[in-house]
Amino acid sequence: MGPLLVYSAFGIICLGALARPAIGAIGYIGFVAFTPQWLWRFQLDSTFPFQKWIAACLLVGWLISFFRTKNLGRNTLIPLASLVTVLILGHLSAATSYAPEKTEFFLRQFNKIVLITCVVSLVISTKKSLYAALVVMAAGVTFNAFEINADYYRQGFSTVNQDGWSQMNANGYALLMQTATLISFALAQQSRSNLRTSFWLLCALINAHAIMIVESRGAMLGLLFAGFLHLIFMRRTSKNLTLTFCIIVGGLLIAGPPVIKEFASIFAEKLDSSGESRYYIWDAGLRITMDYPLLGVGPWAGEVLVPAYYEGSTKAGQQIIALHNLELEVSTGMGIPAMLAYLLFYFWPWNQARKLLWKQRTDLASEESAVVSGIFLAIPAYWVASQFNSGALVEIPYLMVAILIAKLVQEEHAGAFRKPEKARRETQEEHITGYEQPALSIDA
């Protein structure tokens with residue numbers, strides 16, 4: 001049934017994208033999150049470019065609609081311009097790359113990521129499409145997390161640490177499961193029915209347990225940091241307090257002694273070889289960044305120079321040493337200006353979401369508000385975990401920010417970011433003039 005389901009969904013999404021680009025955007029997110037080429041790799045043609053064809057139909061559909069969008073505003077232009085700036089700096093840096101083949105591969109993938117991120121931010125605009133995009137993202141990653149759990153219980157052990165999952169290493173895929181944990185928990189908080197609340201809470205626990213199976217210490221630390229943020233910003237309702245208690249107790253119950261021992265090793269006085277080597281790698285990355293501050297040594301080429309700067313003994317003799325740090329991967333490859341622009345892409349929307357959550361923390365919740373609350377927690381958690389594993393070519397984080405950008409622009413049009421004095425003044429002007437000023441909307 002897997003191939004039948006995949007090819008049917010693929011055809012419906014491609015046709016739907018031509019009529020409504022939002023369908024193509026949601027479908028693209030679904031294929032990235034579910035990765036059916038991996039889940040049914042023995043039944044599907046794993047080389048067939050599902051995402052490429054969906055992206056093509058999405059772009060054609062957007063062209064047919066004359067690039068219509070309502071998602072133009074400060075909260076769109078600033079982060080997307082920052083991401084495009086990173087891409088431009090990456091191409092400039094490629095001219096003097098120390099590893100041209102690695103740089104060429106990186107930019108080929110990054111070109112697509114930047115294009116799709118911009119398009120998704122612009123075409124998803126309604127409340128239903130935003131909620132659907134978030135649900136599809138969480139469901140897709142959760143399904144993979146369920147398969148990791150099932151594989152573990154079938155065999156009695158997990159080979160994901162050794163073999164990876166969905167063409168990523170274990171720590172890389174743990175970043176996605178961490179994101180799905182937090183988004184699922186936000187969906188549980190905002191769901192209006194007990195059945196959906198229970199379902200999304202179970203999804204959060206499935207993802208959290210899969211992170212424990214692959215023993216990703218960075219993802220565990222990211223979840224802990226997100227937990228502190230949640231306690232600060234959550235609405236103090238009986239439902240939210242109950243769900244918070246349930247997720248804490250559930251997390252403690254599914255964390256066995258090996259998981260607790262693995263997590264505690266982060267704070268041990270004597271680190272294991274993996275933990276100790278990170279300090280030497282980060283030191284090498286920082287010194288490479290300082291030596292090539294403007295454009296770096298070429299996108300994805302920093303790891304080629306790390307051995308020349310590495311002062312430890314655990315990785316002596318290796319020709320390539322991965323940086324295992326997202327900021328250093330960007331700064332060594334494309335320079336400090338690119339790294340600052342990259343941070344702005346993530347944390348401008350995050351800061352706007354923070355303002356919105358703090359302002360609306362006493363309002364009644366709606367299912368759509370899970371977009372803001374879930375991604376607000378997921379972005380800093382992702383960056384905490386990314387201090388231990390870099391993934392600049394992992395698409396889900398970019399698509400997650402794209403969904404948040406679209407939601408923030410929607411809130412901006414609704415006047416959610418206006419100061420109280422300005423809002424009162426504009427309301428009085430509308431009352432005097434007898435008409436309401438239209439929200440910013442540009443149809444090109």
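Residues numbered from 1 in each chain as written. Predicted model: local features only at pLDDT ≥ 70, side-chain atom pairs only at ≥ 80, totals over all residues. Heavy atoms only, no water.

Draft legend 1. Seen up close, the state of the cysteines. Using the criterion set out here, one finds zero disulfides in the structure. For the unlinked cysteine C14, the closest cysteine sulfur is that of C57, found at 3.9 Å. For C14, a relative accessible area of 10% translates into the label buried. Of the residues examined, C57 reaches a relative accessible area of 14% and is grouped as buried. (Disulfide = S-S within 2.5 Å. Buried < 20%, exposed > 50% of the residue type's maximum accessible area, 1.4 Å probe, protein only.)

Draft legend 2. Quick peek at the environment of T142. Examined against the element boundaries, T142 turns out to sit in helix α7 (residues 127-155). Given the relative accessible area of 5%, T142 is considered buried. For the pair T142 and A180, spaced 38 residues apart in sequence, the C-alpha to C-alpha distance is 6.6 Å. If sequence neighbours within four positions are ignored, T142 has contacts with A180, S184, C203, I206 and N207. For T142, the side chain forms a polar contact with the main-chain oxygen of A138, separated by 2.6 Å. (Helix = DSSP H or I, 4+ residues; strand = E, 2+ residues; numbered from the N terminus. Contact = heavy atoms within 4.5 Å. Polar contact = N/O pair within 3.5 Å; in protein donor to acceptor, adjacent residues only side chain to side chain.)

Draft legend 3. Inspection of the packing of helix α10 (residues 194-214) against helix α12 (residues 238-254) at higher detail. Viewed as axis vectors pointing N to C, α10 and α12 meet at an angle of 30 degrees, and their least axial separation amounts to 10 Å. Comparing their axes, α12 and α10 come out roughly parallel. Two packed elements cross with a definite hand, and for α10 against α12 that hand is right-handed. Of the residues in α12, those touching α10 at T197, L201, A204, L205, A208, H209 and M212 are K239, L243, C246, I247, G250, G251 and I254. The residue inventory of the contact of α10 with α12, partitioned by class, reads nine nonpolar, four polar and one charged. (Axes fitted to C-alpha atoms, helices over the stretch in contact; angles between N-to-C directions. Parallel < 35°, antiparallel > 145°, perpendicular 65-115°, else oblique. Left-handed = near helix turned anticlockwise from the far one by under 90°. Nonpolar A, V, L, I, M, F, W, Y, C, P; charged D, E, K, R; others polar.)

Draft legend 4. Structural view of the layout of surface pockets. As a volume, the largest pocket reaches approximately 1400 Å³. In terms of lining, the largest pocket is formed by 48 residues, of which the most central are Q109, Q167, M168, L393 and E395. Of all the secondary structure elements, the ones that give two or more residues to the lining of the largest pocket are α2 (21-34), α3 (36-39), α4 (50-64), α6 (100-123), α9 (170-190), α15 (302-309), α16 (326-334) and α19 (395-413). When residues in the lining of the largest pocket are grouped by element, the largest group, eight residues, is from α6. Among the residues making up the lining of the largest pocket, the classes are represented as 24 nonpolar, 16 polar and eight charged. (1 Å grid on protein atoms, 1.4 Å probe; cavity = no way out; pocket = protein on both sides within 12 Å on 5 of 7 lines; lining within 4 Å. Points joined across faces, edges and corners; volume = space filled by probe spheres on them.)

Draft legend 5. Region of the structure containing the pattern of salt bridges. Taken as a whole, this structure holds six salt bridges when the rule is applied. For R287, the salt bridge is made with E311, and the minimal N-O distance between the two is 3.6 Å. Note that R287 is positioned in helix α14 (residues 273-291) and E311 in the loop between α15 and α16, a separation of 24 residues in sequence. Judged by relative accessible area, which is 28%, R287 ranks as partly exposed. The exposure class of E311 is exposed, given its relative accessible area of 59%. (Salt bridge = Lys/Arg side-chain N within 4 Å of Asp/Glu carboxyl O.)

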